[in-house]
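What follows is the residue order along each chain.
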Amino acid sequence: NIFSQSNGFENMFNMGARTQRKTNRKMSSPNILKKIDVNLEDIYTKRELNIVFDKTVICKNCKGSGAKDSSCIKICNSCDGSGVKISIKTFGPGMISQSQTTCNHCNGKGKIIEEKCSNCKGRKYDIFKKKININLKHSNVHGGKIHIKGEAHEDINCDICGDLILELNVRKHKDFKRKGNNLYIKKTINLVDALCGCELTFLHLDNRKLLVKTGDIITPTSSKKISGEGFENGDIIIDFDIIFPKTLSNERKEYISKLLP
């Protein structure tokens, strides 16, 4: 059957292509997750963050071998380079027991370093302080992650470095709360201000002083919007908390009843 033969050749070709793609895939070292604390005003002002962390890199002196030079690396004679030792015990005619243990002479590596690298002392890696500067964006939120490509630890068994991932912990602000791109703030006023109007001033996240004037009657469910003062095209929403008098004399009650409809 010519048709079935051609399908067989096609399947063999596809399997070979998949195997080739698999072997060509580059190995990446594990990502690093680092949690950092920021303030709400840091995000609003798009502050530059200076990130410092310990980064592991392959020793440049020995290129990750851990040895002074290649001639100092020898095959372990104890395990013949396998990294394991196999022991066989006989219990009687035709009865044997086989066990496998890690070679304690080379610690399972199969090779012995006779003279270690003077720089890394055989550890194969160096550790240094890495500094990275990034600018926050208005899109950054609490629990959000910032990926910095290729800044994870180096690994001699991997072709490329993974990413440094920064997870943001946005501290609670004493005045503002963020919901989406809007900022919410609560202001306490007395009943006279609610009925007659008032002026309010407060500091924005960038330390600008904002002045808000109210002329309309404010009810306990009222709010006032300051357009464009939130994140991106968001707003500031002021929610009012009105303080009512706890008691009124009969004389004041009569006076107020004449003034109000």
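Keep in mind that what you see is a predicted model, and the values were worked out from it rather than measured.

Colleague: It is not clear to me how the overall build of the protein chain should be interpreted in this structure. Could you clarify?
Modeller: Along the protein chain, the regular secondary structure elements total four helices and 15 strands. Computed over its C-alpha atoms, the radius of gyration of the protein chain comes to 35 Å, more than 25% above the 18 Å expected for a compact globule of 261 residues. Taking the principal axes of its C-alpha atoms as reference, the protein chain extends roughly 115 × 65 × 45 Å. For the protein chain, the proportion of its 261 residues judged to be buried stands at 28%. Summarising the internal contacts of the protein chain: among those between residues at least 6 apart in sequence, 64% fall at separations of at least 24. Carbon and sulfur atoms make up 50% of the accessible area of the protein chain, which totals about 18800 Å².

Colleague: In this structure, what is going on with a nonpolar patch on the surface? I would like to understand it.
Modeller: Together, Leu248, Tyr255, Ile256, Leu259 and Leu260 make up a nonpolar patch on the protein surface, roughly 480 Å² of accessible area in all. Tracing the chain through its elements places leucine 248 in the loop between strand 15 (236–243) and helix 4 (250–259).

Colleague: Got a minute to help me understand the sheet that holds strand 11 (residues 182–190) in this structure?
Modeller: One key point about sheets: their strands pair by backbone hydrogen bonds, in either a parallel or an antiparallel sense. Taken in spatial order, the four strands of this open sheet run 10-11-15-14, and their pairing is mixed. At either margin of the open sheet sits one strand with a lone partner, and together these are strand 10 (176–179) and strand 14 (223–226). For this sheet the average axis-to-axis angle between neighbouring strands, irrespective of direction, equals 30°. Pairing between strand 11 and strand 15: eight bridges, direction parallel. Bridging from a neighbouring strand, isoleucine 189 pairs with isoleucine 242 of strand 15.

Colleague: Before we go on, may I ask you to explain the sheet that holds strand 1 (residues 32–38) in this structure?
Modeller: Strands sit in the order 1-9-8 across an open sheet of three strands; the sheet is mixed. Two strands bound the open sheet, and with one partner strand each, they are strand 1 and strand 8 (145–148). Averaged over all pairs of adjacent strands, the angle between their axes in this sheet comes to 25°, without regard to strand direction. Bridge count between strand 1 and strand 9 (residues 164–170): seven bridges; the pairing is parallel. Each bridged residue has a counterpart across the sheet, and for isoleucine 36 the counterpart in strand 9 is leucine 168.

Colleague: Honestly, the state of the cysteines in this entry has me stumped. Any pointers?
Modeller: Should the sulfur atoms of two cysteines be covalently bonded, the bond is a disulfide. Counted according to the given criterion, the structure contains zero disulfides. As a non-bridged cysteine, cysteine 158 has cysteine 161 as the owner of its nearest cysteine sulfur, 8.4 Å distant. With no disulfide of its own, cysteine 198 lies 9.8 Å from the sulfur of cysteine 196, the closest cysteine sulfur.

Colleague: Can you walk me through the packing of aromatic side chains in this structure?
Modeller: Two measures describe an aromatic ring pair: the distance that separates the ring centres and the angle between the ring planes. All told, the structure shown has two aromatic pairs when counted by the stated rule. Ring centres of tyrosine 44 and phenylalanine 231 lie 5.4 Å apart, and the angle between their planes is 80°; this geometry places the pair in the edge-to-face category. Taken together, the residues tyrosine 44 in helix 2 (residues 40–44) and phenylalanine 231 in the loop between strand 14 and strand 15 connect sequence positions 187 residues apart. Residue tyrosine 44 is classed as buried on the basis of its relative accessible area, which comes to 11%. Here arginine 178 stacks its cationic end above the ring of phenylalanine 231, 3.8 Å away from the centre of that ring. Between lysine 179 and the ring centre of tyrosine 184, over which it is positioned, the NZ or CZ distance is 5.0 Å.

Colleague: Looking at this structure, how should I read unusual backbone geometry?
Modeller: Note: most residues except glycine have negative phi, and most peptide bonds are trans. In this model, asparagine 107 sits at a positive phi of 60°, which is unusual for a non-glycine residue. On the secondary structure map, asparagine 107 appears in the loop between strand 5 (95–102) and strand 6 (111–113). Residue asparagine 107 is classed as exposed on the basis of its relative accessible area, which comes to 59%. Even without a glycine there, the phi angle at lysine 121 is positive, about 60°.

Conventions used here
Residues numbered from 1 in each chain as written. Predicted model: local features only at pLDDT ≥ 70, side-chain atom pairs only at ≥ 80, totals over all residues. Heavy atoms only, no water. Helix = DSSP H or I, 4+ residues; strand = E, 2+ residues; numbered from the N terminus. Rg over C-alpha atoms; globule rule 2.2 N^0.38 Å. Buried < 20%, exposed > 50% of the residue type's maximum accessible area, 1.4 Å probe, protein only. Contact = heavy atoms within 4.5 Å. Areas by Shrake-Rupley, 256 points an atom, 1.4 Å probe, with all protein chains shown as cover. Patch = residues over 30% accessible without salt bridge, like charges linked within 9 Å, V, L, I, M, F, W, Y side chains within 5 Å. Salt bridge = Lys/Arg side-chain N within 4 Å of Asp/Glu carboxyl O. Pairing = 2+ DSSP bridges. Axes fitted to C-alpha atoms, helices over the stretch in contact; angles between N-to-C directions. Disulfide = S-S within 2.5 Å. Phe/Tyr/Trp six-rings, centres within 6.5 Å; stacked < 30°, edge-to-face > 60°. Lys NZ or Arg CZ within 6 Å of the ring centre and 35° of its normal.

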